[in-house]
Amino acid sequence: MNDAFAMTVQSSDGDVKARLAANVRRLRVARHLSMSELARVTATSKATLSAIENGRGNPTVDTLAALAEALGASLGDLLEHPQLGEVRVVRASQRSARSSGGVECRELNADRDIHGSLDVYELELPARHVHDLGAGKVGSRRSVLVLQGKLIAGPVERISELGAGDYMSFPADTPQLLEAGRTAVRVLVSDYTPI
């Protein structure tokens, strides 16, 4: 028996629905599909997909198979707990600031153990532009601070939507993306690569 299916037999119905909801949404967004596009490709109603992504759906095996195919995933991928590295999001409202001599300093990253290289740069992405980032060296991390606009960012399998002032830190040893919203985006990016 497939491990993912064995796991679902032992889990509560709510756990399975929550995992399915998170995985379908995560994979759909990572593949740049709107809910309408996924509904069309899978011949499933948008209401059914919405219910699945909100953890209220009870899809048939045929629906799960169609979703898996459209998302380039296996049935197990839709039902299992993803093994993902730590992703940290700090919203603009959560950042602490210090002021000294009229200069405001906002700490972004509490990672103090730097035994490698650190590159910091600013990116400007045109509206709706998708910037795919390849996987870096094992143990590398990327941090993103949105200066202007809205951005979808993070490892492909675990993206988050960020607004101006939001900060995110994530493992950079898996494929990642930065995707601008309806307007151009300015972001400050730092890449840490261990020695």
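Higher on the page you've got the structure.
Below: a short report on this structure. Source: prediction; values computed, not measured.

1. As for the overall build of the protein
For the protein, the count of helices and strands is six helices and 11 strands. Restricting to contacts in the protein with at least 6 residues of sequence separation, those with at least 24 account for 73%. For the protein, the computed accessible surface area is about 10,900 Å², with 51% contributed by carbon and sulfur atoms.

2. Description of the layout of surface pockets
Its volume calculated, the largest pocket comes out at about 460 Å³. Secondary-structure elements contributing two or more residues to the lining of the largest pocket are α2 (13-30), β7 (151-155), β8 (160-162) and β10 (176-180). Top contributing element to the lining of the largest pocket by residue count: α2, with three residues.

3. Section: the packing of helix α3 (residues 35-42) against helix α5 (residues 61-70)
Between α3 and α5, the least distance of the axes is 9 Å, while the angle of their chain directions is 115 degrees. The crossing of α3 and α5 is right-handed. Across the interface between the two elements, Leu38, Val41 and Thr42 of α3 pack against Ala66, Leu67 and Ala70 of α5.

4. Topic: the nonpolar core
Membership of the largest hydrophobic core comes to 16 residues, with the highest contact counts inside it found for Leu20, Val24, Leu38, Leu49, Leu67, Leu71 and Leu78. If you list the elements that add at least two residues to this core, you get α2, α3, α4 (46-53), α5 and α6 (75-79). If one sorts the elements of this core by residue count, α2 sits on top with four residues. Setting aside residues up to four positions removed in sequence, Leu71 forms contacts with Val24, Leu27, Arg28, Arg31, Leu33, Leu38 and Leu78.

5. Overview of unusual backbone geometry
A positive phi angle is found at His32, which is not glycine, with a value near 60 degrees. If you trace the backbone, His32 turns up in the loop between α2 and α3. For His32, a relative accessible area of 36% gives the class partly exposed. The phi dihedral of Ala43 is positive, around 55 degrees, even though this residue is not glycine. Structurally, the position occupied by Ala43 is in the loop between α3 and α4. For Ala43, a relative accessible area of 73% gives the class exposed.

6. Quick look at the packing of α3 against α4
For the pair α3 and α4, the least separation of the axes is 9 Å and the interaxial angle reads 115 degrees. As for how α3 packs across α4, the hand of that crossing is right-handed. Taken together, the residues of α4 that come into contact with α3 (itself represented by Met35, Ser36, Leu38 and Ala39) are Lys46, Leu49, Ser50 and Glu53. In the contact of α3 with α4, the residues fall into four nonpolar, two polar and two charged.

7. A word on the sheet that holds β8
The strand order across the open sheet formed by four strands is β5-β10-β7-β8, and the pairing between neighbours is antiparallel. On the outer flanks of this sheet lie β5 (130-133) and β8, each paired with one strand and no other. Each strand axis lies, on average, 20 degrees off the axis of its neighbour in the sheet, ignoring direction. By the bridge criterion, four bridges tie β5 to β10 in an arrangement that is antiparallel. Along β10, the bridge assignment pairs Asp132 with Leu177.

8. Things to note about the pairing of β7
Counting buried positions along β7 yields four of five residues, so the element is predominantly enclosed. Relative to β8, β7 is paired through three bridges, and the arrangement is antiparallel. Residue pairing across strands places Leu151 opposite Leu162, the latter belonging to β8. Across five bridges, the pairing between β7 and β10 is antiparallel. Each residue of the ladder has a partner; that of Pro155, found in β10, is Gln176.

What counts and how
- Residues numbered from 1 in each chain as written.
- Predicted model: local features only at pLDDT ≥ 70, side-chain atom pairs only at ≥ 80, totals over all residues.
- Heavy atoms only, no water.
- Helix = DSSP H or I, 4+ residues; strand = E, 2+ residues; numbered from the N terminus.
- Contact = heavy atoms within 4.5 Å.
- Areas by Shrake-Rupley, 256 points an atom, 1.4 Å probe, with all protein chains shown as cover.
- 1 Å grid on protein atoms, 1.4 Å probe; cavity = no way out; pocket = protein on both sides within 12 Å on 5 of 7 lines; lining within 4 Å.
- Points joined across faces, edges and corners; volume = space filled by probe spheres on them.
- Axes fitted to C-alpha atoms, helices over the stretch in contact; angles between N-to-C directions.
- Left-handed = near helix turned anticlockwise from the far one by under 90°.
- Core = buried A, V, L, I, M, F, W, Y, C linked by side-chain atoms within 4.5 Å.
- Buried < 20%, exposed > 50% of the residue type's maximum accessible area, 1.4 Å probe, protein only.
- Nonpolar A, V, L, I, M, F, W, Y, C, P; charged D, E, K, R; others polar.
- Pairing = 2+ DSSP bridges.

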